[in-house]
Amino acid sequence: MARGERRRRVDEALTALRTVLGHALGAAEGARVRAETRRRQLEFEKEIRLLGLAAAATDADLARRMAEDDALRAVWDGITARRDAGYERWHREGLAQVHRLVLDEAPGAAGEPWQTWLGPAGTDLGAHAPRLWRIGSALVEHSAPEDAFPLAVPLLDVGHLRVNTTTGSRPAADSLVETLVMRLVSAFAPGLVRLHLWDVGHLTGPLPSLHPLTAAGVMVVHDPTRLDDLLAQLAGHIRRVHAQSLRVHQSPRAASAAAGRRVEPWRVAVLFGNGDRLPDEQYQELNRIARTGPEAGVHLVLVDMPITANSPVETVTFTDAERATCSMTGPGVVVRADPAPPPAQVNHAATTIAADVLVRRGRPREFADLLPDTLATGSSVEELRTPIGFHEGEPVEVVLGDATPHALVAGPSGSGKTNLLYAVLGGLAARYPPSELELYLLDFKEGVSFAGLTPGRKDPSWLPQARLVGVNVNTDREFGLALLRFLAGELARRAAAAKRQEVTKLAELREADPDGHWPRIVAVIDEFQALFGGRDQITQQAAALLEDVARRGRSQGIHLVLASQDIAGIEAFWGKPAVYDQCTLRIAMPKAKRVLAQENNAALALPRWHAVINHESGVAHGNEVAHIPDASSRGTFDELQRTLWARMTSPQPRLFDGAHQPELVHAADFTGPRGPVLGQIIEVDDKAAVFRLEPVPGRNLAVIGTATADALSVLESAALSLGELHSAGECVFHLWCPVQSLEPRVTATAERLHVKKGHEVSVRIGDGVSEITADIARLADETHPPRQYVFFYAVDAVAHLLEAKETPLAKSGFDKLRELLKNGPARHVHTFGWWRGMGRFKETLGFAGMDDIGGWVALDVQGAELNTLAAGQVVDWSPRPHRAVFFDRTTHSRPDVLIPFDTTSALELP
């Protein structure tokens, strides 16, 4: 036989031998395990027999043998006596321990029958709140029922409870949960325990006898399809408790101990599942809540819901409809749930508790409940904080500070957005004096919602913290741009001061410069999207400024509150995420869209007068639902304003009302710089546009456009303000008006100048072109000691006559007018002319004469036609009623938009 064949056969034999030995060893090991198991079983049965805990203890044969054998009887009696003594001692010590833990910690609600704890207990406990809560009784298997002892599970401020069921045992589990929940809500002052119920299989919610609690907000039944919302709400509450209540104390229990009362209600979420594991995201969130909830006063009661969190969770597992096991008692202990109270009694108790909660609240929460006991004494060094509404009777706050620097508010028309803004402003104004808070308020929609914050005819008071109020600015986007420029300038001023003090934050700057004026600034812009409604320079500049203020404002105490009906589609913000990213405080009114995170639909089901307050950039776990009280009706905000106004000294805020022309007699710069005023500049500061007059070339002004009323207002404002700047005899006014229909206005101006101030006035009205031409020639050729001011109305009306020449070599009226414009300013002769068209204006001046007009006011002239007059600047201007654009080549880098004054009162003779 070949060597290879022999080797193969030997290998096969060895393999077979290994197999046989393996089976033998396996069989031997199995026999050993079975023998060991049987040995342990026999020892266990022997131990059971010796202790008398098995049925063999009453075996008839053993009884017969004991009757026959006195010695055996004596031994058995000894064993029985020792067993009974042990049981008695164990029962006595166990009961004493249970009663000490249960009855002492939770009097009434935890240890006694339900009849004794039905209804409000009224206990407002602080550090001594019970931790153990009775769920039934327990006894060791095969022991007598009288050996049972009360079974309590740790819950509040400790852990959670999980209840597992088997077929047919769900009613017993429901009964256990209902009894436990009633103990919880009855042990404390009503409202200190808030319940959240969710059931995967019930649209109307489980535990129907408890539903009267919903009337007072003590219990909320959640939609079975919206578990995400409930988990997000619980997670957000845990974060808020950690961020607020736990900043000083380690837990709400410690804070309650320091306050002597419970400062933060417990929240118990009862979730009924079907045994299936939740989707991964929900499952992970549930486990996070289980891990972090107890120290924040959030606890779970889970029925048939798997959980694996590494947190204190006691488990009760029902083996049938009557018996269960508990993880805290160990094997061999049977749990019997306490019998359920009658449903009618539970309903009555729930109704009583709900009524007590409503009585304790006293009345529906109102605007007055938002206000502190002492007005305007707060410090804004670290942040601004105020309640703006209530949830379940508890205040819901908004915070503007380093963590939440800016707010975004959204809600469709009629959703209560303005009322919410009044609640915010009222709460802040009631807490912080003007030295701590300044308000800049702008409303782009038509209306006067903020106008009441300034003095009116019926109410002379104003909000002391308000520095600027802009209303009806829907057509004046320049005013919104001016506000952003002001905020950017203030930001730069504060940053420079912080740099000098070598600090970075407002709190540090105020500490380093205690004598400086560094209040926090809140700018509220309602319907802010209107600021970015055009594809023009205003939109570009406003977007850049808003992004800069949003990004850097947090460190310097400048906060934005941006409100809109819908924030979507603002093209100017594409590629500028900082604006929205920095608005970490999101407030959504009913039916608001896109202000919260994409998957957060909490605002869609909000009732009227409610809002979602979210300090987490709109993520669902940051939701707080608040009822916003009426803050804008008579007797609410207005009463607070009058109270603050009477107690505080503060400058009157500036009111900018885009629907009204400011009066010339109230012009801020009427007696200011040495020059005529032309109109009010659309700017944060209340100031007029002033045209400086100096004896240098080009100090003439042109008014261009067909808007007659506005052109006359500009000329009248210039003439009357010049009349106020000079005493009688210092100047002479020349009013030339070839249009007869303008005679009343021109005559009124002349009379005002002459009668009130005693100025010499020369008037040419109508077709006296020859007289006008003669005056032009005289003023152009002669030097006169007093100042000469020429107001030439509708120059283009006589352009064809000014072109005429007496002889071919003679000078035309145009030639003489150009000489006057060129040489007059150096001789203290300044001309204010009105041309009704750009073409006629250019014809009058000629190519070389443009430099002789140093300033111009354009009315209904498109910006593209003005570019050649703006020293190379692009004039982005679209005409609109009662608005003009003003440019002075010696002072302006960009044109100013101004509002022509209402001169009616100024023209009236005394």
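### Here we look at the sheet that holds strand β29 (residues 855-858)
So, point 1. Pairing in this open sheet of 10 strands is mixed, and the strands run β23-β22-β31-β30-β29-β24-β28-β27-β25-β26 from one edge to the other. Bordering the open sheet on either side are β23 (688-690) and β26 (760-765), each of which pairs with just one other strand. The mean inter-strand angle of the sheet, taken between neighbouring strand axes irrespective of direction, is 25°.
So, point 2. Across four bridges, the pairing between strand β24 (residues 701-704) and β29 is parallel. Paired with isoleucine 704 across the two strands is alanine 858, which belongs to β29.
So, point 3. Strand contacts of helix α16 (residues 743-757): β25 (731-737) and β26, with the helix running at about 170° to β26, the strand carrying the most contacts.

### Describing the side chain of arginine 654
So, point 1. Inspection of the secondary structure assignment puts arginine 654 in strand β21 (residues 654-657).
So, point 2. Of the buried charged residues, arginine 654 lacks a salt bridge, with aspartate 686 as the closest side chain of opposite charge at 4.1 Å.
So, point 3. Those residues in contact with arginine 654 that sit more than four places away from it in its chain are Arg467, Leu468, Val469, Phe479, Gln680, Ile681, Glu683, Val684, Asp685 and Asp686.

### Details of the pattern of salt bridges
Where side chains of opposite charge bring their charged atoms close, a pairing between them can arise.
So, point 1. Using the criterion set out here, one finds 37 salt bridges in the structure.
So, point 2. Between arginine 323 and aspartate 320 there is a salt bridge, and its shortest N-O distance comes to 3.2 Å.
So, point 3. Residues joined in a network through salt bridges with shared partners are Lys417, Asp443, Lys445, Asp526 and Glu527.

### Considerations on the pairing of strand β4 (residues 193-199)
So, point 1. For β4, a buried count of seven out of seven residues is recorded, marking the element as mostly surrounded by other parts of the structure.
So, point 2. Neither face of β4 is left uncovered, since the one carrying Val193, Leu195, Leu197 and Asp199 and the one carrying Arg194, His196 and Trp198 both have all their residues buried.
So, point 3. The sheet contact formed by β4 and strand β6 (residues 266-272) spans seven bridges and is parallel. Residue pairing for β6: aspartate 199 is matched across the bridge by phenylalanine 272.
So, point 4. Sheet topology note: the β4/strand β5 (residues 219-221) ladder contains three bridges and is parallel. Residue pairing in the sheet places leucine 195 in a bridge with methionine 219 of β5.

### What about the layout of surface pockets?
So, point 1. Empty space within the second largest pocket amounts to approximately 1,300 Å³.
So, point 2. Lining the second largest pocket we find 40 residues, and of these Ala451, Thr454, Pro455, Gly456 and Leu655 sit closest to its centre.
So, point 3. Elements supplying a minimum of two residues to the lining of the second largest pocket: α14 (637-647) and β21.

### What about the nonpolar core?
For soluble globular proteins, the rule of thumb is that nonpolar side chains tend to be buried together.
So, point 1. In this structure, Leu487, Leu562, Phe792, Phe841, Trp856 and Leu866 are the most contacted members of the largest nonpolar core, which totals 79 residues.
So, point 2. Looking at this core element by element, the count peaks at eight residues for helix α10 (residues 477-501).
So, point 3. With residues near it in sequence (within four places) discarded, phenylalanine 792 still touches Trp736, Pro738, Ile772, Ile776, Val798, Leu802, Leu817, Phe832, Gly833 and Trp834.
So, point 4. With 50 residues, the next largest nonpolar core counts Phe272, Val303, Val316 and Val346 among its residues.

### A short note on unusual backbone geometry
So, point 1. The phi dihedral of arginine 594 is positive, around 70°, even though this residue is not glycine.
So, point 2. Relative to the helices and strands, arginine 594 is located in the loop between β18 (585-588) and β19 (610-614).
So, point 3. Not every positive phi belongs to a glycine, and alanine 794 is a case in point at roughly 50°.
So, point 4. By secondary structure assignment, the location of alanine 794 is in the loop between β27 (787-792) and α18 (799-802).

### Thoughts on empty space enclosed by the protein
So, point 1. Inspection of the entire model under this criterion finds three cavities of 30 Å³ or more.
So, point 2. Computed from the structure, the largest cavity encloses a volume of approximately 50 Å³.
So, point 3. Lining the largest cavity we find Val398, Leu400, Ala407, Val409, Leu420, Leu421, Val424, Val561, Leu585 and Ile587.
So, point 4. Only β12 (394-401), β13 (407-410), α9 (417-431) and β18 provide two or more residues apiece to the lining of the largest cavity.
So, point 5. With three residues, α9 is the largest single contributor of residues to the lining of the largest cavity.
So, point 6. Looking at the lining of the largest cavity, its residues break down into 10 nonpolar, no polar and no charged.
So, point 7. In this structure, the second largest cavity is lined by Val381, Glu382, Asp402, Lys505, Leu506, Ala507, Arg520, Arg554 and Ser555.
So, point 8. Of the residues in the lining of the second largest cavity, the class split is three nonpolar, one polar and five charged.

Each value, and the rule that gives it
Residues numbered from 1 in each chain as written. Predicted model: local features only at pLDDT ≥ 70, side-chain atom pairs only at ≥ 80, totals over all residues. Heavy atoms only, no water. Pairing = 2+ DSSP bridges. Helix = DSSP H or I, 4+ residues; strand = E, 2+ residues; numbered from the N terminus. Axes fitted to C-alpha atoms, helices over the stretch in contact; angles between N-to-C directions. Contact = heavy atoms within 4.5 Å. Buried < 20%, exposed > 50% of the residue type's maximum accessible area, 1.4 Å probe, protein only. Lys, Arg positive; Asp, Glu negative; His and termini not counted. Salt bridge = Lys/Arg side-chain N within 4 Å of Asp/Glu carboxyl O. 1 Å grid on protein atoms, 1.4 Å probe; cavity = no way out; pocket = protein on both sides within 12 Å on 5 of 7 lines; lining within 4 Å. Points joined across faces, edges and corners; volume = space filled by probe spheres on them. Core = buried A, V, L, I, M, F, W, Y, C linked by side-chain atoms within 4.5 Å. Nonpolar A, V, L, I, M, F, W, Y, C, P; charged D, E, K, R; others polar.

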